[in-house]
Amino acid sequence: MVDILEHPVSAHDLPEPPHEHHGPTGILKWITTTDHKVIGLSYTVTAVIMMVIGGAFAEIIRAQLASPNGTLVSLAQYNELFTMHGSVMIYLFAGPFAFGALANIIVPIQIGAPDMAYPRLNALSYWLYLTGAITMLSGFFTAGGAANFGWVAYAPLSNSLNTPGAGADLWIGGLLLTGFSAIFTGVNLVATIFYLRAPGMTMFRMPIFTWNMLVTAILILLAFPVLTAGLIMLYADRHFGTHIFSVAGGGVPVLWQHIFWFWGHPEVYILALPFFGMVTEILAVFSRKPVFGYKGMIFATLSIAALSLGVWAHHMFTTGVVLLPFFSIMSLLIAVPTGIKIFNWIGTMWRGEVWFSAAMLMAIGFVITFLIGGLTGIYLASPPLDFFTHDTYFVVAHFHSVVMALVLAGMAGLYYWGPKFTGYLLDERIGKIQFWFLFIGTQVFTLPLYLLGLRGMPRRMAIYPHDPQWKFLNDVSTLGAVLIGVSTILFVVNVVVSWKKHPAGDNPWDGQTLEWFTTSPPPHHNFYRLPVIRSERPTWDYNHPEHRAIPHAPAAAKAESEPVR
């Protein structure tokens, strides 16, 4: 039984929470657990390790491109590196970190649930993800090396004739495993959000982060089965004599692009929407204000999800097989709800009591960097401009602006929610130094790539002509990559230095949503007591009764009378 508290009371007036011990401890706990918080921490650690590995690949790539005829790696090794860099960052870091790590830890607590709806399925999801990551990376240890056909695996480059060897098969197998992991997580999130909300937690009282995770989970269930089917077809072409993507057998190579990008463009928002939710929560808390345009943010999120299913072919303008006006208009239209979000983030900060913590700085850095990436995406939605820039570094710069914005948002989430699931604060001074290295490094890294693309440098080149402008811009971009690498080292140093050094307390940021009402870290079943939920800010309502939202009478009365079981 969980108590529901109507009015703020002194901690001395509350009964002492019972001491709880559940199951094994130590390494056995991590291996056998079904607790969503421990599983989420496992996801977090694994995803951060993947980020470091993917970042190390990027540093090698930039070192190779620092000179026109670089010899740090061979041409074959370069193909493997840029393939696996993209694969690790997209498939093994950004997605699992968002909907596997933080969503796993935070969503059940934000809605007052004791756990995920299907705890054992949740554990299986993590182990599939870890196994898939190991499988994909193990290609480096095969005789032919890792997959080398790019992270998009375009046919016919990815068939058995053009890409023989086990590395490509391990890439396909790893992606299948992580895909099933994502699907199972999507099922779990939808069921948890729909069926395990606390009394009074109506849909329009859920925090924006939880709303974004619900929409993300639905997109996962719509998009990932398509990629799974495509991967099975690709494997069948490689090993079972089918010719689905082979012209020689009557197949259609461009069909792979349709399948991949029908998954791939919703995937852009599967990656982005969770980070949008993180930033929305952080900006509100550190501006000491409610979210500006709460319902507008929700409907903008729903609009982005709906439109994202109809824009996949803007990646295929140069193929000549898609209807250019339709996909151009749809691609431009999706900028409208995204723009609404940016205006609402600015509105949330406007005239607020802004506290420039490390988390807040990271969140603001995300908004600026994502705006740059989003604005350049508008150019790519115009077919004539896309024809000019399609296979150049302009496209590379665009999606790296977006991905690095997500890295900034992810760091904001770690600084903001880290104290909740560890019980300890990260060092703010080191965090702010890390922010400046990461933010400045991101701009120094990406902005020269836009100019390189406009000056005609093709992507996927290990060596390039000795053009003085190309050489200078590549040098500057490599410097930016080094700054980003330093920021990653600073984060690791911060974790080590701050470990169990700065106790956080239950609510160090004066947070607004339900996760800040429980202890840090939360107990096994998340709550000993809950406040009455009258708005999307129940913890703020409880801690600041003078500013408490006026309840909507029937729902509030029912919530005040019901116990939580």
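Keep in mind it's a predicted model, so treat the numbers as computed, not measured. (Residues numbered from 1 in each chain as written. Predicted model: local features only at pLDDT ≥ 70, side-chain atom pairs only at ≥ 80, totals over all residues. Heavy atoms only, no water.)

Undergrad: Sorry, what's going on with helix α4 (residues 119-137) here?
TA: Residues spaced three or four apart along an α-helix point in a common direction, a consequence of the helix completing one turn every 3.6 residues. The end-to-end C-alpha separation of α4 is 28 Å, in line with the 27 Å expected for 19 residues at 1.5 Å each. Within α4 the residues assigned to the buried category are Asn-122, Ala-123, Ser-125, Tyr-126, Leu-128, Tyr-129, Gly-132, Ala-133, Thr-135, Met-136 and Leu-137. (Helix = DSSP H or I, 4+ residues; strand = E, 2+ residues; numbered from the N terminus. Expected span 1.5 Å × (residues − 1). Buried < 20%, exposed > 50% of the residue type's maximum accessible area, 1.4 Å probe, protein only.)

Undergrad: Even after reading the chapter, I still don't get a nonpolar patch on the surface, so can you show me in this structure?
TA: The grouping of Ile-27, Leu-28, Trp-30, Ile-31 and Trp-127 at the surface amounts to a nonpolar patch, some 500 Å² of accessible area in total. For the nonpolar patch, the leading source of residues is helix α1 (residues 26-32), giving four residues. With respect to the helices, strands and loops of the structure, Trp-30 is situated in helix α1. Given the relative accessible area of 36%, Trp-30 is considered partly exposed. (Patch = residues over 30% accessible without salt bridge, like charges linked within 9 Å, V, L, I, M, F, W, Y side chains within 5 Å. Areas by Shrake-Rupley, 256 points an atom, 1.4 Å probe, with all protein chains shown as cover. Salt bridge = Lys/Arg side-chain N within 4 Å of Asp/Glu carboxyl O.)

Undergrad: Would you mind showing me how to read the packing of helix α3 (residues 75-110) against helix α13 (residues 393-422) here?
TA: Packing of α3 against α13 brings their axes to within 11 Å, and their N-to-C directions diverge by 35 degrees. The way α3 lies across α13 gives a crossing that is left-handed. Every residue of α13 that contacts α3 at Tyr-78, His-85, Ile-90, Phe-93, Phe-97, Leu-102, Ile-105, Ile-106 and Gln-110 is listed here: Tyr-393, His-400, Val-403, Val-407, Gly-410, Gly-413, Leu-414, Trp-417 and Phe-421. (Axes fitted to C-alpha atoms, helices over the stretch in contact; angles between N-to-C directions. Left-handed = near helix turned anticlockwise from the far one by under 90°. Contact = heavy atoms within 4.5 Å.)

Undergrad: So what exactly am I meant to see when it comes to the packing of aromatic side chains here?
TA: The geometry of two aromatic rings is summed up by the distance between their centres and the angle between their planes. A full pass over the atoms with the stated rule returns 44 aromatic pairs. The rings of Tyr-91, Phe-149, Trp-151, Trp-171, Phe-224, Phe-245, Trp-256, Phe-260, Trp-261 and Trp-263 are connected pair by pair, giving a single aromatic cluster. Directly above the aromatic system of Phe-204 lies the positively charged group of Lys-295, at a separation of 5.1 Å from the ring centroid. (Phe/Tyr/Trp six-rings, centres within 6.5 Å; stacked < 30°, edge-to-face > 60°. Lys NZ or Arg CZ within 6 Å of the ring centre and 35° of its normal.)

Undergrad: Any chance you could explain unusual backbone geometry here in plain terms?
TA: Note: most peptide bonds trans; most residues except glycine with negative phi. For the bond from Ala-155 to Pro-156, the omega torsion is 5 degrees, close enough to zero to count as cis. Locating Pro-156 in the fold gives a position in the loop between α4 and α5 (166-195). With omega at -10 degrees, the peptide bond leading from Ser-520 into Pro-521 counts as cis. In this fold, Pro-521 is placed in the loop between α15 (468-498) and β2 (529-531). Even without being glycine, Lys-500 reaches a positive phi, approximately 55 degrees. Here Lys-500 is to be found in the loop between α15 and β2. Exposure remark for Lys-500: the relative accessible area of 54% places this residue in the exposed category. Even without glycine at this site, Asp-510 takes up a positive phi of about 55 degrees. For Asp-510, the location among the structural elements is in the loop between α15 and β2.

Undergrad: Sorry if this is basic, but what is going on with the side chain of His-265 here?
TA: The topology assignment puts His-265 in helix α7 (residues 254-287). His-265 sits in the buried class, given a relative accessible area of 6%. Within the local environment of His-265, its side chain forms a polar contact with the side chain of His-315, the two groups lying 3.0 Å apart. Aside from chain neighbours lying at most four places away, what touches His-265 is Ser-308, Val-311, Trp-312, His-314 and His-315. (Polar contact = N/O pair within 3.5 Å; in protein donor to acceptor, adjacent residues only side chain to side chain.)

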